Amino acid sequence: MTAAPLLVADRVTVSYGERPVLDGLDLHVTPGAITAIVGANGCGKSTLLRALARLLCPSHGHVTLDGIPLRHQPARQVARVLGLLPQSPVAPDGIVVADLVGRGRHPHQRRLAPWSARDYEAVASALEATGTTDLAERCVDELSGGQRQRVWIAMALAQETGLLLLDEPTTFLDITHQIEVLDLLTELNRTRGTTIVMVLHDLNLACRYADVLVAVRDGRIHGCGRPCDLVEPTFVREVFGLEATVISDPETGTPLVVPRRRGGRDGGQTASDGRRRDRSTSAPAAAAPPSARPIGHRDWAISVPASTISVPDMPTPWIAQ
């Protein structure tokens, strides 16, 4: 095996029942780089990662590691080269941090053999690299979400693989812990040369941290390249179905996607010509009767005619995905 493993998906098709989720997909993972897989919900991102990790067997095509199909390689041999951190992993009840991280050494150990000096060194190094040495004797159940995620990454590091796959490593974390985890992965990539492939939901974080962006749409690769070469309004519209403006991130210079509002103060939508239109009809809204006097919050109003109270529809808030 090479120091920077080469992982390739060649015409991979994966189906759940009769429904293909990946359809003849091709992907060459760039060795030594951070690759982020992005796309709309249900497009096949996590399925692709699971196929790359040999958790799913393609019905057509194959995934190769250093030129050899994964399905032809012994599991222990693959685990010495390729590490996987699934989405929302579950630790055994009552296990302490050092013991969980130590489980990453399993692919390197012989059955019933005692721990070697190398095993102890690998665990200590993984704890230090992830800033979890002080947590070594703590129960995993007692940790915060950000601490727990760093411990799982430490376990993957103790496995000492040249290739690390992560399925949504920032899920359920607040913004501070998201940045903490992604900074950690970047540091591991830069200092150890670890090839990192991760599924991310946040396109702006993917643009900021990834060397290579892989956009999946309808089970195929819609685009693959540097974020600055891919991400522009048409790309966002085609991949996510979202109208947005793309500007330069003032902190990093990477693309920063600013979604356009889908609803306004009056609950309307913006037409293609830039004019406001009502949510239910393209006709202009009728003017309030002379006897009405608007009261209430500036984002909506209650009109009070002489004998009735009319409450227009509240605007539906746009929720960022």
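Residues numbered from 1 in each chain as written. Predicted model: local features only at pLDDT ≥ 70, side-chain atom pairs only at ≥ 80, totals over all residues. Heavy atoms only, no water.

A. Summary view of the overall build of the protein chain. Helix and strand content of the protein chain: nine helices and 14 strands. The proportion of buried residues among the 321 residues of the protein chain is 42%. Of all intrachain contacts in the protein chain linking residues separated by at least 6 positions in sequence, the fraction that spans at least 24 positions is 60%. By element, 52% of the accessible surface of the protein chain is carried by carbon and sulfur atoms, the whole surface being about 17,400 Å². (Helix = DSSP H or I, 4+ residues; strand = E, 2+ residues; numbered from the N terminus. Buried < 20%, exposed > 50% of the residue type's maximum accessible area, 1.4 Å probe, protein only. Contact = heavy atoms within 4.5 Å. Areas by Shrake-Rupley, 256 points an atom, 1.4 Å probe, with all protein chains shown as cover.)

B. Quick look at the sheet that holds strand S7 (residues 163-167). Overall, mixed pairing links the six strands, which are arranged S6-S7-S8-S3-S9-S10 in an open sheet. Strand pairing shows two members of the sheet lacking a second neighbour, strand S6 (82-85) and strand S10 (220-225), which therefore form its edges. Along the sheet, successive strands turn relative to each other by an average axial angle of 15°, direction set aside. The sheet contact formed by strand S3 (residues 34-38) and strand S8 (residues 195-199) spans four bridges and is parallel. Bridge pairing in S8 places Thr35 opposite Val197. Against the sheet, helix H1 (residues 45-52) contacts S3, S6, S7, S8 and strand S9 (212-217), and its axis sits at roughly 150° relative to S7. Packed onto the sheet, helix H9 (residues 233-240) meets S3, S9 and S10 and runs at close to 45° relative to S9. (Pairing = 2+ DSSP bridges. Axes fitted to C-alpha atoms, helices over the stretch in contact; angles between N-to-C directions.)

C. Expanded view of the nonpolar core. Counting residues in hydrophobic clusters, the biggest one holds 51 residues, and the most contacted among them are Val101, Ile153, Leu185 and Leu213. In this structure, Leu213 is in contact with Ala36, Val38, Leu203, Ala206, Cys207, Gly223, Cys224, Gly225, Pro227, Leu230, Val231 and Phe235, ignoring residues within four places of it in sequence. By size, the runner-up hydrophobic cluster in this structure holds 29 residues, among which are Leu7, Val78, Leu163 and Val216. (Core = buried A, V, L, I, M, F, W, Y, C linked by side-chain atoms within 4.5 Å.)

D. Structural view of H9. Those residues of H9 that fall on the buried side of the exposure criterion are Phe235, Val236 and Val239. Looking straight down H9, one finds its buried side chains confined to an arc of 95°; they lie on one side. Where the residues of H9 are buried, they touch helix H7 (203-209), S9, S10, helix H8 (227-230), strand S11 (244-248) and strand S12 (255-259). In this structure Glu232 caps H9, since a side-chain oxygen of it lies 2.9 Å from the backbone nitrogen of Thr234. With its phi angle positive at about 65°, Gly241 sits one or two positions after the end of H9. (Arc of directions from axis to C-beta. Polar contact = N/O pair within 3.5 Å; in protein donor to acceptor, adjacent residues only side chain to side chain.)

E. Expanded view of the pairing of S8. Most of S8 sits inside the fold, with five of its five residues counted as buried. Residues Thr195, Val197 and Val199 point to one face of S8 and Ile196 and Met198 to the other, with burial holding for every one of them. Judged from the five bridges that link them, S7 and S8 form a sheet pairing that is parallel. Considered in S8, the bridge of Leu166 is made with Met198. Handedness of the S7-helix H6 (residues 175-192)-S8 crossover: right-handed. (Right-handed = clockwise from strand over helix to strand, strands pointing away.)

F. Region of interest: unusual backbone geometry. Here Arg54, not a glycine, exhibits a phi torsion of approximately 70°, which is positive. Along the chain, the position of Arg54 falls in the loop between H1 and strand S4 (60-65). One non-glycine residue, Glu160, adopts positive backbone phi at about 55°. Along the chain, the position of Glu160 falls in the loop between helix H5 (145-158) and S7.

G. Layout of the sheet that holds strand S5 (residues 68-69). Sheet architecture is open: four strands sit in the order S2-S1-S4-S5, paired in antiparallel fashion. Looking at the sheet topology across the chains shown, the edges are occupied by strand S2 (19-28) and S5. Relative to S2, strand S1 (residues 7-16) is paired through six bridges, and the arrangement is antiparallel. Bridge pairing in S2 links Ser15 to Pro20. Sheet strands in contact with H1 are S1, S2 and S4, and its direction is about 60° off that of S2.

H. Fine view of the confidence of the model for the protein chain. Mean pLDDT over the protein chain: 83, with 81% of residues reaching 70 or higher. Averaged over each element, pLDDT in the protein chain is lowest for strand S14 (residues 276-277) (44) and highest for S3 (98). Low pLDDT, under 50, characterises residues 266-321; the stretch is placed with 56 contacts to residues that sit more than four places away or in other chains. (pLDDT = per-residue confidence, 0-100.)

I. The arrangement of the side chain of Asn189 in detail. Along the chain, the position of Asn189 falls in helix H6. The class for Asn189 is buried, based on a relative accessible area of 4%. The residues contacting Asn189, other than those within four sequence positions of it, are Gly32, Ala33, Ile34, Thr194, Ile196 and Asp211.

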